[in-house]
Amino acid sequence: MAITKDDIIKALEEMKLTELNDLVKSIEDHFGVVAAAAVAAPAAAAGAAAPSEVSVMLTSAGGNKVSVIKLVKEMTGLGLMDAKKLVDGTLPVAIKENVKIEEAEEFKKQLMEAGASVDLK
């Protein structure tokens, strides 16, 4: 059975950026061509414009550190002492990594209500 364009596009959507880079290099080597930067740039920009997962980064615990520590404990499943070490440690620090944008926005909202400063990356 032949592979369709839709099959290829679906496979490309599921690949990580490093895997795509390796694929492009392999195609260049195999066919003896060079991918034009003008063609690759819009595709890379489109992928960067709409990430499906982000990390919740704590940039400051704020004035109500106890509430922030309790929230971090709930969000991460860490023990109280580990959550405290995370909040008291070097900032910024990733509280949750590779979470869906909707979930990350909810975490950000809760942390900001407790007085923390939060970024999504």
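Residues numbered from 1 in each chain as written. Predicted model: local features only at pLDDT ≥ 70, side-chain atom pairs only at ≥ 80, totals over all residues. Heavy atoms only, no water.

On the basis of which strands lie adjacent, the open sheet formed by 3 strands has the order β2-β1-β3 and antiparallel pairing. Since the sheet does not close on itself, it has two edges, and those belong to β2 (93–100) and β3 (117–120), each with one partner. Ignoring strand direction, the axes of neighbouring strands in this sheet form an average angle of 25°. Strand direction decides the pairing type here: strand β1 (residues 53–60) and β3, joined by 4 bridges, are antiparallel. Counted as the bridge partner of M57 is D119 from β3. In the packing of helix α4 (residues 65–76) onto the sheet, the strands contacted are β1 and β2, and the crossing angle to β2 comes to about 40°. (Pairing = 2+ DSSP bridges. Helix = DSSP H or I, 4+ residues; strand = E, 2+ residues; numbered from the N terminus. Axes fitted to C-alpha atoms, helices over the stretch in contact; angles between N-to-C directions. Contact = heavy atoms within 4.5 Å.)

Attention shifts here to the nonpolar core. Among the nonpolar cores identified, the biggest contains 20 residues, and V56, L58, V68, V72, V87, I95 and L111 are the most heavily contacted of them. Contributing elements (two or more residues each) for this core: β1, α4, α5 (80–88), β2 and α6 (101–113). For this core, the element with the highest residue contribution is α4, accounting for 5 residues. Discounting residues that sit within four places of it in the chain, V72 has contacts with G77, A83, L86, V87, I95 and L111. (Core = buried A, V, L, I, M, F, W, Y, C linked by side-chain atoms within 4.5 Å. Buried < 20%, exposed > 50% of the residue type's maximum accessible area, 1.4 Å probe, protein only.)

With that settled, consider the confidence of the model for the chain. Of the residues in the chain, 85% reach a pLDDT of 70 or more, and the chain-wide mean stands at 82. Confidence, read as mean pLDDT per element, is least for helix α3 (residues 37–49) in the chain (51) and greatest for α4 (90). (pLDDT = per-residue confidence, 0-100.)

Turning next to the environment of I27. Examined against the element boundaries, I27 turns out to sit in helix α2 (residues 17–31). The contacts of I27, once residues within four sequence positions are left out, are G32 and V33.

With 5 bridges connecting them, β1 and β2 associate as antiparallel partners. Bridge assignment links E53 to a residue of β2, and that residue is K100.

Enumeration according to the criterion identifies 2 salt bridges in this entry. Note that D88 and K84 form a salt bridge whose closest N and O atoms lie 2.5 Å from each other. Of this pair, D88 and K84 both sit in helix α5, 4 residues apart, roughly one helical turn. Its relative accessible area of 35% is what places D88 among the partly exposed residues. (Salt bridge = Lys/Arg side-chain N within 4 Å of Asp/Glu carboxyl O.)

At a minimum axis distance of 9 Å, the contact between α4 and α5 shows a crossing angle of 120°. The angle between α4 and α5 places the two elements in the oblique class. Considering the relative orientation of α4 and α5, their crossing is right-handed. Along its contact with α4, which presents K65, V68, I69, V72 and K73, the element α5 presents L80, A83, K84, L86, V87 and D88. For the contact of α4 with α5, a count of residues per class yields 7 nonpolar, no polar and 4 charged. (Parallel < 35°, antiparallel > 145°, perpendicular 65-115°, else oblique. Left-handed = near helix turned anticlockwise from the far one by under 90°. Nonpolar A, V, L, I, M, F, W, Y, C, P; charged D, E, K, R; others polar.)

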